[in-house]
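Results of the structural survey
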Amino acid sequence: MKNWNTLEPDRVKLLNKHFTPGRGGKTIKYVVIHHNAGMLSIDQIWDVWQTRQASAHYQVTAIGEIGQLVWDRDTAWHAADLTRNQESIGVEHANIGGASADWPISTATLEEGAHLVAALCKFYRLGRPQWGKNVRPHSETGQTSCPYHLGPNGKYGKSYIARAQHWYDRMTTPTPTEQDDDMTPEQERLLKDNNNLLR
């Protein structure tokens with residue numbers, strides 16, 4: 001990601017179909033997690049969505065590169081329900097092996113995907129990432145097993161959300177310098193006096 005605070009992805013490769021402009025008056029309430037069920041790059045997922053009536057806002061590749069395929073302000077077709085699509089951001093994760101390997105996902109993909117979820121939760125003021133609240137698996141619709149191992153009860157689910165929470169906490173906790181900027185003049189004087197006593 002080029003900029004976590006502004007959600008500037010590593011690459012932008014926008015779809016020209018299979019999404020809906022705008023969000024039908026709805027606001028973003030949560031992030032929906034997907035896995036590709038394939039070993040796909042940003043270009044490859046773009047190609048898939050040219051012929052398949054589906055899309056997501058972001059693709060996280062096997063090396064952790066983040067691509068944007070649908071602008072956040074628009075409705076991607078990723079959650080099998082109009083209202084869910086309008087109220088969510090879809091994040092796809094590439095696999096590094098197929099069905100015979102049980103669809104593994106790389107550490108880089110997991111880490112960057114979790115960081116992206118944290119950044120989205122911060123940017124859209126959704127709160128600290130939490131399964132079932134502001135982060136939901138695609139399988140919640142009951143029509144798919146996606147995101148498989150990335151779901152709340154999957155082998156990556158608990159560690160994934162823990163990393164998202166870690167990044168969210170880091171992004172929302174003021175640094176010592178920022179904390180100093182929020183001090184009252186009296187607190188600044190006391191801190192300065194204490195520092196002088198320690199010399």
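Throughout what follows, the structure given in this document is the object of discussion. (Residues numbered from 1 in each chain as written. Predicted model: local features only at pLDDT ≥ 70, side-chain atom pairs only at ≥ 80, totals over all residues. Heavy atoms only, no water.)

1. Regarding the environment of His138
- Of note, His138 is situated in the loop between β8 (135–137) and α4 (157–172).
- On the basis of relative accessibility, which here comes to 13%, the residue His138 falls in the buried class.
- For the pair His138 and Tyr148, spaced 10 residues apart in sequence, the C-alpha to C-alpha distance is 9.0 Å.
- Residues in contact with His138, not counting those within four places in the same chain, are Val32, Ile33, His34, His78, Ala79, Arg84, Thr144, Cys146 and Pro147.
- Reaching out from His138, the side chain makes a polar contact with the side chain of His34 at a distance of 3.2 Å. (Helix = DSSP H or I, 4+ residues; strand = E, 2+ residues; numbered from the N terminus. Buried < 20%, exposed > 50% of the residue type's maximum accessible area, 1.4 Å probe, protein only. Contact = heavy atoms within 4.5 Å. Polar contact = N/O pair within 3.5 Å; in protein donor to acceptor, adjacent residues only side chain to side chain.)

2. A few points about the pattern of salt bridges
- In this structure the tally under the stated criterion is seven salt bridges.
- Of the charged contacts in the structure, one is a salt bridge between Arg11 and Asp43, with a shortest N-O distance of 3.0 Å. Residue Arg11 is located in strand β1 (residues 11–12), and its partner Asp43 is located in helix α1 (residues 42–51); the two are separated by 32 residues in the primary sequence.
- The exposure class of Arg11 is partly exposed, given its relative accessible area of 29%.
- Residue Asp43 is classed as partly exposed on the basis of its relative accessible area, which comes to 31%. (Salt bridge = Lys/Arg side-chain N within 4 Å of Asp/Glu carboxyl O.)

3. Section: unusual backbone geometry
- A cis amide bond links Cys146 with the next residue in sequence, Pro147, at an omega value of 15°.
- Secondary-structure assignment places Pro147 in the loop between β8 and α4.

4. Description of the nonpolar core
- By size, the foremost hydrophobic cluster in this structure holds 31 residues, and its most contacted members are Ile33, Tyr58, Val91, Leu116, Val117, Leu120 and Tyr160.
- Counting residues per element, the ones that place at least two in this core are β3 (30–35), β4 (58–60), β7 (88–93), α3 (107–123) and α4.
- By residue number, the principal contributor to this core is α3, which donates eight residues.
- Ignoring anything within four residues of it in the chain, the contact list for Leu116 reads Met1, Trp4, Tyr58, Val60, Ile66 and Val91. (Core = buried A, V, L, I, M, F, W, Y, C linked by side-chain atoms within 4.5 Å.)

5. Things to note about the sheet that holds strand β5 (residues 66–68)
- Ordered by their spatial adjacency, six strands build an open sheet running β1-β5-β4-β7-β3-β8, and the pairing between neighbours is mixed. Lying at the two open borders of the sheet, with one neighbouring strand each, are β1 and β8. (Pairing = 2+ DSSP bridges.)

6. Points about the layout of surface pockets
- Empty space within the largest pocket amounts to approximately 300 Å³.
- Lining the largest pocket are 19 residues, and of these His34, His35, Arg52, Glu92 and His138 lie nearest its centre.
- Residue assignment for the lining of the largest pocket shows that the elements contributing at least two residues are β3 and α1.
- Ranked by the residues each element gives to the lining of the largest pocket, the list is headed by α1, at three residues.
- A breakdown of the residues in the lining of the largest pocket according to their chemical character gives eight nonpolar, nine polar and two charged. (1 Å grid on protein atoms, 1.4 Å probe; cavity = no way out; pocket = protein on both sides within 12 Å on 5 of 7 lines; lining within 4 Å. Points joined across faces, edges and corners; volume = space filled by probe spheres on them. Nonpolar A, V, L, I, M, F, W, Y, C, P; charged D, E, K, R; others polar.)

7. Remarks on the environment of Trp71
- Examined against the element boundaries, Trp71 turns out to sit in the loop between β5 and β6 (75–76).
- Here Trp71 falls in the partly exposed class, since its relative accessible area comes to 30%.
- Spatially, the C-alpha atom of Trp71 lies 9.1 Å from that of Val12, the residues being 59 residues apart in sequence.
- Setting aside its immediate chain neighbours within four residues, Trp71 contacts Val12, Leu14 and His57.

8. Points about the pairing of β3
- Within β3, six of the six residues are buried, leaving the element largely enclosed by the surrounding structure.
- Side-chain alternation along β3 places Tyr30, Val32 and His34 on one buried face and Val31, Ile33 and His35 on a second face that is also buried.
- Both β3 and β7 contribute to a ladder of six bridges, which runs parallel. Within β7, the residue paired with Val31 across the bridge is Ile89.
- As paired elements, β3 and β8 share three bridges and run parallel to each other. Bridge assignment links Val32 to a residue of β8, and that residue is Arg136.

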